[in-house]
Amino acid sequence: MIQNPPNPDKLIGEASSLDRWYLAYTKPRQEQIAQTNLEQQAFEAYLPLYKKFKKTEQGSVALFEPMFPRYIFFRPRKPGQSISAVRSTKGITTIVRFGFEPALLQDELVQRIRQVEHERNHATLQELSNLRPGQSVRLKHTALGGMDGLIQSVSSKRVAVLLEILGRPTVVQLEHHQVETNG
C-alpha cells in the first residue's frame, strides 16, 4: 500500500531501510531509461511490465508496456544510501511525495505486483482473450467482413466461428484479430 506516514520511522519499525520502496514519476515514455540510470546509481529499480497483444494484419503480436505508465519503483541497495540523487536522474521527473514525505510502499505490495506481472506475462493469447465460445462476434478484415456469427471454439491461434452462409450453418476458422465482439 502507498502510505503517508506522519513519521517514517514508525512505518519502518524494526524493518531494514532496504524493505521499503519509493515511487518516482518519470518523463513520458522514459521508464526504461530511468530504470537503467537508477540501477547504475546502485538503486534497485522495478518497472512492472504488462503483456498485451497488438492486432496486426499478420496476427496478434505480444507487446510489453509499463503497467503504471510514468511510474517506477526504487529502493536503496545499501543501508544509509540517500535517495536525493534520484531527483536528478535521467528519465526521472520527481520523487512522488505526500507533503514533504516521500511515498513509501510496503515490500508485500511490490511482491503482489510482481506476482500479477508474472502470471499475466506468461499467459497465452487464448488465456487473455475476451473471446469465449457462445459469444456473438462480427467478422472484420476478411471477404466475409461485417457478418455476424457465434464462436464455437477458441485456440491460441484460431477462432472457430459459426456463420450462416447461403442459408446453411458453416464453421469458419479465423485468426483472433479478424473478429470483434458485438456490443
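Caption draft 1: Summary view of the pattern of salt bridges. In total, this model carries seven salt bridges according to the counting rule given. Salt-bridge contacts for glutamate 65 lead to lysine 52; the nearest nitrogen and oxygen are separated by 3.6 Å. Here glutamate 65, found in strand S5 (residues 59-66), pairs with lysine 52, found in strand S4 (residues 49-56); they are 13 residues apart in sequence, far enough to count as distant. Looking at glutamate 65, the relative accessible area reads 34%, which means it is partly exposed. Among the charged side chains, a salt-bridge network with shared partners connects Glu44, Arg75, Asp107 and Arg114.

Caption draft 2: Quick look at the environment of phenylalanine 53. Tracing the backbone shows phenylalanine 53 in strand S4. A relative accessible area of 23% means that phenylalanine 53 is categorised as partly exposed.

Caption draft 3: Layout of the packing of aromatic side chains. Per the counting criterion, the structure on display carries six aromatic pairs. Centre to centre, the rings of tryptophan 21 and tyrosine 46 are 6.5 Å apart; their planes meet at 65 degrees, and the pair counts as edge-to-face. Of this pair, tryptophan 21 sits in strand S2 (residues 20-26) while tyrosine 46 sits in strand S3 (residues 43-46), and the two are 25 residues apart along the sequence. Given the relative accessible area of 0%, tryptophan 21 is considered buried. Of the residues examined, tyrosine 46 reaches a relative accessible area of 5% and is grouped as buried. An aromatic cluster is defined as three or more aromatic residues linked by ring pairs; in this entry it consists of Trp21, Tyr46, Phe68 and Phe73. The positively charged end of arginine 114 is found above the aromatic ring belonging to tyrosine 46, 4.0 Å away from the centroid.

Caption draft 4: Structural context of the nonpolar core. Counting residues in hydrophobic clusters, the biggest one holds 14 residues, and the most contacted among them are Leu38, Ile72, Phe74, Val86 and Ile92. Elements that contribute at least two residues to this core include exactly S2, helix H2 (31-40), S3, strand S6 (71-76) and strand S7 (92-95). Phenylalanine 74 has contacts with Trp21, Tyr22, Leu23, Ala24, Leu38, Phe43, Glu44, Ala45, Ile83, Val86 and Ile95, leaving out every residue within four places of it along the chain.

Caption draft 5: Representation of the pairing of S2. Most of S2 is tucked away, with six of its seven residues classed as buried. Note: S2 against strand S10 (residues 104-106), three bridges, orientation antiparallel. Paired with tryptophan 21 across the two strands is leucine 105, which belongs to S10. Pairing analysis gives three bridges linking S2 to S7, with the strands arranged antiparallel. The residue of S7 that forms the bridge with alanine 24 is isoleucine 95.

The rules behind the values
- Each chain carries its own residue numbering, running from 1 in the written order of its sequence.
- Only residues with pLDDT of at least 70 get local features here, since the model is predicted, and only at 80 or more are side-chain atom pairs given and counted; chain-wide, interface and lining totals rely on the full set of residues.
- By convention in this description, side-chain values take in all heavy atoms of the structure and omit both hydrogens and water.
- For this document, the term salt bridge refers to a Lys or Arg side-chain nitrogen within 4 Å of an Asp or Glu carboxyl oxygen.
- In this text, helices come from DSSP runs of H or I with a minimum length of four residues, and strands from runs of E with a minimum of two, each type numbered from the N-terminal end.
- Accessibility here uses a 1.4 Å probe with only protein chains present; expressed as a share of the type maximum, an area under 20% marks a residue as buried, one over 50% as exposed, and anything in between as partly exposed.
- Here a Phe, Tyr or Trp ring, Trp counted by its six-membered ring, pairs with any other such ring whose centre lies within 6.5 Å, and the pair is stacked when the planes are under 30 degrees apart, edge-to-face when over 60, and tilted otherwise.
- A ring has a charge above it when a Lys NZ or an Arg CZ is no more than 6 Å from the ring centre and no more than 35 degrees off the ring normal.
- Within this scheme, the nonpolar core is defined by two criteria: the residues are buried Ala, Val, Leu, Ile, Met, Phe, Trp, Tyr or Cys, and they are joined through side-chain atoms within 4.5 Å.
- Contacts are residue-level and defined by heavy atoms, with any inter-residue pair within 4.5 Å sufficient.
- If DSSP finds at least two bridges between two strands, the strands pair.

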